[in-house]
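Understanding the architecture of this molecule
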Amino acid sequence: MSTRDFLVEIGTEELPPLSLPELSSAFTEGVVAGLAAQGIPHGTLHSYATPRRLAMLIHAVPERQADQTVQRKGPPVSAAYDKEGKPTRAAQAFADSTGTPVAELQRVQEAKGEFLFWSGVKPGAVVAELLPGLVQASLDKLPIAKRMRWGAGEATFVRPVHWVVLLFGNEVLPAKLFELAAGRETRGHRFHAPEALAIAAPADYAQLLLEQGHVVADFGDRR
């Protein structure tokens, strides 16, 4: 299965320094939990945190979810057919909900009796379409005691957000977070590298910030 690296960066005004480790850890854990809940495996990951950003790089994220086997139990066979052996309304409704003719439904014997049963395969979703929602869900759950608004918008966060990066491979994901369109441009040191820096690929992130942005993105290295 084809995989890509995934990079997310939330660029902000100066974050509370004492809160950085907790925010970074919670952000990463939230996204990883979201991937697990969707059955999306991944490779190694690295979190980044500086006074002006929260970010993470996740390697080897598949382009599609694996196909999923879906199973559903229907009405008891005793209620699925009338005395003449014809399907009842209950059987037909269950069959219609699965898109399968009644005659093709399976029967399964359980302790409580025999039931109609259906199993099928649900094609895996395109992962690029799921990632923005997983990121947003993690951001919504961050341990922020008091969120603030800025400008005329309705977005809230611990500090105003000025840019968002969502890169899946070399592709910018078409999404909005904090009412900002995601892109591939990050920011370096406010004074030593004030111009925007374009990220060609997620794996380039930390080195680009270090060499051109004069920023050490790894919190542990900064310490």
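First things first, this report covers the structure right here in the doc. (Residues numbered from 1 in each chain as written. Predicted model: local features only at pLDDT ≥ 70, side-chain atom pairs only at ≥ 80, totals over all residues. Heavy atoms only, no water.)

1. Some remarks on the sheet that holds strand E5 (residues 106-110)
Reading across the sheet, the 3 strands line up as E4-E6-E5 and stay open at both edges, with antiparallel pairing between neighbours. Each edge of the sheet is formed by a strand with only one pairing partner; in this case those strands are strand E4 (68-76) and E5. Averaged over all pairs of adjacent strands, the angle between their axes in this sheet comes to 40 degrees, without regard to strand direction. As judged from the 7 bridges shared by E4 and strand E6 (residues 113-122), these two strands associate in the antiparallel manner. When the sheet's bridge partners are listed, valine 70 is paired in E6 with glycine 120. (Pairing = 2+ DSSP bridges. Helix = DSSP H or I, 4+ residues; strand = E, 2+ residues; numbered from the N terminus. Axes fitted to C-alpha atoms, helices over the stretch in contact; angles between N-to-C directions.)

2. As for the side chain of threonine 28
Within the fold, threonine 28 resides in helix H1 (residues 20-37). In this structure threonine 28 comes out as buried when scored by relative accessible area, which is 8%. Polar side-chain contacts of threonine 28 include one of 2.5 Å to the side chain of serine 47. For threonine 28, the residues in contact, after removing those within four places along its chain, are Leu45, Ser47 and Met56. (Buried < 20%, exposed > 50% of the residue type's maximum accessible area, 1.4 Å probe, protein only. Polar contact = N/O pair within 3.5 Å; in protein donor to acceptor, adjacent residues only side chain to side chain. Contact = heavy atoms within 4.5 Å.)

3. Observations regarding the packing of aromatic side chains
As enumerated under the stated definition, the model contains 4 aromatic pairs in all. Here the aromatic rings of phenylalanine 6 and phenylalanine 168 are separated by 6.4 Å at their centres, their planes lie at 75 degrees, and the arrangement is edge-to-face. Placement of phenylalanine 6 in strand E1 (residues 3-12) and of phenylalanine 168 in strand E9 (residues 161-168) is noted, with a sequence separation of 162 residues between them. A relative accessible area of 1% places phenylalanine 168 in the buried class. Among the aromatic side chains, those forming a connected cluster through ring pairs are Trp150, Phe157 and Phe178. One Lys or Arg, lysine 73, reaches over the ring of phenylalanine 115 and ends 4.5 Å from the middle of that ring. (Phe/Tyr/Trp six-rings, centres within 6.5 Å; stacked < 30°, edge-to-face > 60°. Lys NZ or Arg CZ within 6 Å of the ring centre and 35° of its normal.)

4. Some details on the environment of histidine 42
Along the polypeptide, histidine 42 turns up in the loop between H1 and strand E2 (45-50). Separated by 26 residues in the primary sequence, histidine 42 and glutamine 68 place their C-alpha atoms 18 Å from one another. Ignoring anything within four residues of it in the chain, the contact list for histidine 42 reads Val32, Leu35, Ile58, His59, Ala60 and Val61.

5. Let's talk about unusual backbone geometry
A positive phi is found at alanine 60, a non-glycine position, where the angle reads about 55 degrees. Within the secondary structure, alanine 60 is located in strand E3 (residues 53-62). On the accessibility criterion, alanine 60 (32% relative accessible area) is partly exposed. Residues other than glycine seldom take positive phi values, yet phenylalanine 178 does so here, at roughly 55 degrees. Within the fold, phenylalanine 178 resides in the loop between strand E11 (176-177) and strand E12 (180-181).

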